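Given next are the chains, with one letter for each unit.
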Amino acid sequence: MSRRSLTLSIAGLATLVAIAVAVLVPVPYVILRPGPTLNTLGKDSSGKPLITIVGHPTYPTTGNLNLTTVSYQGGPGANLNVFQALRAWLDPAEAVVPESELFPPGQTAEQTQQQDTAQMASSQQTATAAALTTLHIPFQTQVVVVQTVPDTPASTVLKPGDVILAVDGKPVTGQAELSVLITAHPPGSVLQLTVLRAGKTLHLQVKTVATKDSGGTPVIGVEVQERYKFPFIVRISVGDIGGPSAGMMFALGIIDKLTRMNLTGGKFIAGTGEITSSGLVQPIGGIQQKMVAARDAGATVFLAPAGNCADTAGAIPAGLRVVKVSTLPQAVSDLQDIQVGKPVPSC
């Protein structure tokens, strides 16, 4: 074999090996794509309403208030190669992000799915609370112990499932209120807690401490979450969609059903945003893909968290109007203003 032929053979073999490696060896990235959108005022594929309200009058709705989602390719156990990542990087409707942004180190895809499902369930409760707060419909908020921190005062006093009713006789009306009542006392103080455990009211004592993790702020060493008791039933059904980012759209759907407002005016509205029980709209991930999904589905107006406005620059699809939203009451007001042609804040 001539030297030239040998060189070409070696180069060809090296190229084949490089291609094989590029195809077979996974890269630590995930592709984000526009996902499905669902009308919170409508029904799922089986004909079941996404939002069902029992025990309170409801009113007819029109138009769309669509939640938006992001689908992904890759992750733990999936084989995403460099060619797939490069193709997605060249597609303006897709994004390539490090795998660690979606999957914490050591966490499997199944564990992430379970976490997303739990976040979705929590967001539905929080969305209901936000909607009722906006409509001034009273409900009860309980602060429930999720777990205690080892080697802290609470670890020997409180148990998961305990409902913290009061601190030093002052009612605990929410997670923020509990934090205020605890930090009002210097480290080493003894607090009197009123706790509901298995149907029984207990009066317990617990000290405050300042730990390295708390940065010197007094704590008792407990992780809590809010649980709500509503005056009527609100059921939300979205199948296997996970995550907390549909909260604002759930809340708007609930408000539209509970009132005669007709928030859409018959228009196709879509949006995204995590919601707090007080109605604050918080930023989310994947907003560029969600805007594409919304426009592809037919939306002409997109409600975006104010904290995501910078992420929309240069990525808004033609024909889509993006409205900047900070709170749930503002979102309601903006939708009403759009119907009558008034200006609203935009990204």
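Residues numbered from 1 in each chain as written. Predicted model: local features only at pLDDT ≥ 70, side-chain atom pairs only at ≥ 80, totals over all residues. Heavy atoms only, no water.

Draft legend 1. The arrangement of the overall build of the protein in detail. Helices and strands together make up the secondary structure of the protein, namely 8 helices and 18 strands. The long-range share in the protein, meaning contacts at least 24 apart out of those at least 6 apart in sequence, stands at 69%. Here the protein displays about 17,600 Å² of accessible surface, and carbon together with sulfur accounts for 56% of that area. (Helix = DSSP H or I, 4+ residues; strand = E, 2+ residues; numbered from the N terminus. Contact = heavy atoms within 4.5 Å. Areas by Shrake-Rupley, 256 points an atom, 1.4 Å probe, with all protein chains shown as cover.)

Draft legend 2. Looking closely at the pattern of salt bridges. One pass over the structure, following the stated rule, counts 1 salt bridge. For the salt bridge of aspartate 162 with arginine 197, the shortest nitrogen-to-oxygen distance reads 2.8 Å. Separated by 35 residues along the polypeptide, aspartate 162 in the loop between β5 (140-148) and β6 (163-167) and arginine 197 in strand β8 (residues 190-197) bring together distant segments of the chain. (Salt bridge = Lys/Arg side-chain N within 4 Å of Asp/Glu carboxyl O.)

Draft legend 3. Quick peek at the packing of helix α5 (residues 247-258) against helix α8 (residues 328-339). Put simply, α5 and α8 touch, their axes get as near as 11 Å, and they point 60° apart. It follows from the interaxial angle that α5 and α8 lie oblique. For α5 against α8, the interelement crossing comes out right-handed. Where α5 abuts α8, its residues Met248, Ala251, Leu252 and Ile255 lie against Leu328, Ala331, Val332 and Leu335. A class-by-class count of the residues in the contact of α5 with α8 yields 8 nonpolar, no polar and no charged. (Axes fitted to C-alpha atoms, helices over the stretch in contact; angles between N-to-C directions. Parallel < 35°, antiparallel > 145°, perpendicular 65-115°, else oblique. Left-handed = near helix turned anticlockwise from the far one by under 90°. Nonpolar A, V, L, I, M, F, W, Y, C, P; charged D, E, K, R; others polar.)

Draft legend 4. Region of the structure containing the pairing of strand β3 (residues 64-74). Across 8 bridges, the pairing between strand β1 (residues 29-39) and β3 is antiparallel. The residue of β3 that forms the bridge with isoleucine 31 is glutamine 73. When β3 meets strand β14 (residues 268-271), the two strands line up parallel, connected through 4 bridges. Following the sheet pairing, leucine 67 is matched in β14 by glycine 271. (Pairing = 2+ DSSP bridges.)

Draft legend 5. The arrangement of the nonpolar core in detail. In terms of nonpolar packing, the biggest core is built from 40 residues, with Met248, Leu252 and Leu303 touching the most fellow members. Counting only elements with at least two residues in this core, the list comes to β2 (51-54), β3, α3 (109-134), β13 (233-236), α5, β17 (301-305), β18 (321-325) and α8. Sort the elements by how many residues they give to this core and α5 lands first, with 8 residues. With residues near it in sequence (within four places) discarded, leucine 303 still touches Met248, Met249, Leu252, Ile269, Ala270, Gly271, Thr272, Val323, Val325 and Leu335. Within the second largest apolar cluster, 18 residues are counted, among which are Val143, Leu181, Leu191 and Leu204. (Core = buried A, V, L, I, M, F, W, Y, C linked by side-chain atoms within 4.5 Å. Buried < 20%, exposed > 50% of the residue type's maximum accessible area, 1.4 Å probe, protein only.)

Draft legend 6. View of α5. Compared with the 16 Å implied by 1.5 Å per residue over 12 residues, the 17 Å span of α5 between its first and last C-alpha is a close match. Here α5 lies mainly inside the structure; 12 of its 12 residues are buried. Listed as buried for α5 are Gly247, Met248, Met249, Phe250, Ala251, Leu252, Gly253, Ile254, Ile255, Asp256, Lys257 and Leu258. (Expected span 1.5 Å × (residues − 1).)

Draft legend 7. Up close: the state of the cysteines. Here the structure, examined in full by the defined rule, presents 1 disulfide. With a sulfur-sulfur separation of 1.9 Å, cysteine 309 is cross-linked through a disulfide to cysteine 347. Here cysteine 309 and cysteine 347 share a disulfide; its torsion about the S-S bond, -65°, makes the bridge left-handed. With a gap of 38 residues between them, cysteine 309 in helix α7 (residues 309-312) and cysteine 347 in the segment after α8 connect regions that are remote in the sequence. (Disulfide = S-S within 2.5 Å.)

Draft legend 8. Representation of the side chain of threonine 272. Residue placement: threonine 272 occurs in the loop between β14 and β15 (274-275). Take threonine 272: its relative accessible area is 0%, and that puts it in the buried class. At a separation of 3.3 Å, a polar atom in the side chain of threonine 272 contacts the side chain of lysine 290. (Polar contact = N/O pair within 3.5 Å; in protein donor to acceptor, adjacent residues only side chain to side chain.)

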